[in-house]
Amino acid sequence: MNRPELLARLLIIAGILLAVGAPLYLWSRTPLIHARMAEAGGWTPDVLQAEVGKPLHLKITSDDVVHGFAVGQMDMQSVDILPGKVADITLTFDKPGTYTFYCTRWCGLNHWRMRGTIEVSGSLSDPSTRSGQRPEPGAVPLYVSLRLDLDAPHDAPSIPPNKPSAVNGQQFTDELPITNYQFSDYYRSHSPYQVFTDLSTTPLTESQRWDVVAFLWQSNTTPESLVNGKRLYAQNCAACHGENGGGDGVFADDLTTAGESSMQTMAGAMDMAMQAPTDFTDPRRMLGASPALLQGKILRGGMGTGMPMWGSIFTEEQIWDLVAYLYSFQFEYHP
Ligand code: HEC
Ligand SMILES: [Cu+2]
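Residues numbered from 1 in each chain as written. Chains lettered and ligands numbered in written order. Predicted model: local features only at pLDDT ≥ 70, side-chain atom pairs only at ≥ 80, totals over all residues. Heavy atoms only, no water.

1. Let's talk about the pattern of salt bridges
Our working definition: We count a salt bridge whenever a side-chain nitrogen from Lys or Arg sits within 4 Å of a carboxyl oxygen from Asp or Glu. For helices the rule is a DSSP run of H or I covering at least 4 residues; for strands it is a run of E covering at least 2, with both sets numbered from the N terminus onward. Buried, partly exposed and exposed residues are distinguished by accessible area as a fraction of the type maximum, computed with a 1.4 Å probe on protein chains only: under 20%, between the cut-offs, and over 50%, respectively.
Applying the stated criterion across every chain yields a total of 5 salt bridges. Salt-bridge contacts for Asp151 lead to Arg300; the nearest nitrogen and oxygen are separated by 2.9 Å. Of the two residues, Asp151 is situated in the loop between helix H2 (142-145) and helix H3 (166-170) and Arg300 in helix H12 (residues 291-300); the sequence distance between them amounts to 149 residues. Assessed through its relative accessible area of 48%, Asp151 is described here as partly exposed.

This is the structure:
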């Protein structure tokens with residue numbers, strides 16, 4: 001081997017070492033993020049920085065039980081974070097803003113408090129990707145523009161004798177001037193009870209009117225939306241509100257106890273607002289609530305009642321899917 005040849009080989013080897021070594025070196029310097037149950041501190045650190053278009057590498061481990069990692073309003077699969085193991089995650093953001101990352105495994109009553117933020121700086125990498133479903137900055141949620149008081153009681157003054165049926169309702173719609181009610185603006189801003197009242201100018205009986213309401217609610221949703229809502233509900237809501245909507249999830253008792261004990265102690269006075277999770281099968285409660293009101297409650301949370309806020313986790317579309325699913329506990333839809 002002559003000298004130039006040897007040099008060339010050495011250069012190639014050096015090149016390979018650099019190509020492999022540099023990323024490995026940088027990787028090894030990525031700080032480790034620790035996940036712990038909320039009572040023990042949640043995520044550390046819980047504020048991360050990133051830049052639009054630049055991959056953000058994360059290494060995460062758990063110090064106690066199995067947690068999950070996902071970023072709200074982003075199309076990503078959640079990643080399991082196992083005790084004693086290190087999960088490698090790479091995220092790339094195409095829009096600046098503050099994102100929320102959260103735990104996706106039910107690790108305890110305060111599981112939903114396991115949240116942190118990623119501050120993404122820079123400008124839109126590609127203005128054509130604006131469709132990303134995040135509400136435009138400054139977009140006002142419907143409950144705000146309708147000036148709804150989310151905390152006011154909203155029980156329906158009267159309820160149907162049995163579960164209203166969309167199939168039955170459909171047969172009356174030909175004779176009714178109901179196109180109005182089929183617009184999503186009308187649907188979103190009215191409770192089923194208000195629509196029932198609006199229909200009192202028609203010759204229909206009360207139970208027929210309720211059936212028409214069921215039909216209108218069904219016409220404002222799609223099977224895909226219901227499937228999606230059901231999946232999101234099972235993952236994020238069932239632990240409190242119950243698999244079948246009955247307000248009897250595994251954490252329901254803990255919340256109720258927290259509420260009761262808070263009445264007896266001074267310290268607990270702070271927790272006074274703690275309540276039992278809403279029973280979505282209760283017609284009085286649900287038929288008196290408009291989609292806008294339910295959306296508002298999900299977006300904003302109960303502010304101290306035990307109902308978490310989800311506005312930074314779900315896209316607007318996902319929240320409407322959840323709302324559509326919640327009403328399915330009240331109405332009999334076509335298969
Ligand atoms: C940690 C327990 C917990 C989880 C998880 C939870 N909720 Fe709740 N939720 C509550 C409690 C408690 C209330 C009753 C107090 C209140 O209205 O603020 C409530 C109330 C509500 C209400 C208000 C209903 C009304 O008539 O005003 C809606 C809507 C709701 N939850 C939807 C959801 C959805 C959708 C999810 C999942 C994305 C969810 N909740 C997850 C505890 C929970
Ligand atoms: Cu967790």
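Structure shown, so let's carry the discussion forward.
2. Description of the coordination of the iron atom of ligand 1
Just so we agree on the cut-off: Metal coordination here is assigned from N, O and S atoms located within 2.8 Å of the ion, or within 3.2 Å for Na, K and Ca; omission of water means that sites may look incomplete. Any site counts as irregular unless it has four donors with all angles between 85 and 135 degrees, making it tetrahedral, or four or six donors with opposite ones more than 155 degrees apart and the rest between 65 and 115, making it square planar or octahedral.
Those donors, His241 (NE2) and Met307 (SD), are the protein atoms that reach the iron atom of ligand 1, and they lie 2.0 to 2.2 Å from it. Around the iron atom of ligand 1, the 6 donor atoms are arranged such that angles at the metal cover 88 to 179°; this shape is classified as octahedral. One end of the pair, His241, is in helix H9 (residues 238-241); the other, Met307, is in the loop between H12 and helix H13 (316-327), and 66 residues separate them in sequence.

3. Notes on the packing of H12 against H13
The condition that has to hold: Axis lines are fitted through C-alpha atoms, for helices just across the contact stretch, and the angle between N-to-C directions can take any value from 0 to 180 degrees. Between 65 and 115 degrees an angle is taken as roughly perpendicular, under 35 as roughly parallel, over 145 as roughly antiparallel, and anywhere else as oblique. By definition, any crossing whose near helix is turned counterclockwise from its far helix by less than a right angle is left-handed, and any crossing with a clockwise turn is right-handed. The contact criterion used throughout is that any non-hydrogen atoms of two residues lie within 4.5 Å.
Taken N-terminus to C-terminus, the directions of H12 and H13 make an angle of 120°; their axes are 10 Å apart at the nearest point. Looking at the two axes, H12 sits oblique to H13. Where H12 crosses over H13, the two elements pack in a sense that is right-handed. Residue-level inspection shows Pro291, Ala292, Leu294, Gln295, Ile298 and Leu299 of H12 in contact with H13, the latter providing Glu316, Ile319, Trp320, Leu322, Val323, Leu326 and Tyr327.

4. Quick word on the environment of Thr44
The criterion, for reference: As used in this structure description, the phrase polar contact means that two N or O atoms lie within 3.5 Å; if the pair is within protein, one of them must be able to donate a hydrogen and the other to accept it, and residues adjacent in sequence are counted only when both atoms belong to side chains.
Within the element layout of this structure, Thr44 appears in strand S2 (residues 43-44). Note on Thr44: relative accessible area 36%, which makes it partly exposed. With 10 residues separating them along the chain, Thr44 and His34 place their C-alpha atoms 5.2 Å apart. Apart from residues lying up to four places away in sequence, Thr44 is in contact with Leu32, Ile33, His34 and Arg36. Of the polar contacts made by the side chain of Thr44, one reaches the side chain of Arg36; its length is 3.3 Å.

5. Here we look at the sheet that holds strand S9 (residues 115-121)
Whenever strands of a sheet pair, they do so through backbone hydrogen bonds, lying parallel or antiparallel. As a reminder, the rule being used: For two strands to pair, DSSP has to find at least two bridges joining them.
As summarised here, the arrangement of the 5 strands in space is S3-S9-S8-S5-S6, forming an open sheet in which the pairing is mixed. For this open sheet the edge positions go to strand S3 (47-51) and strand S6 (79-81), each flanked by a neighbour on one side alone. For this sheet, the mean angle separating the axes of adjacent strands, direction not counted, is 30°. The pairing of strand S5 (residues 67-71) with strand S8 (residues 97-102) spans 2 bridges and is antiparallel. What sits directly across from Ala70, in S8, is Tyr102.

Remember that the coordinates give geometry; whether it matters functionally is a separate question.
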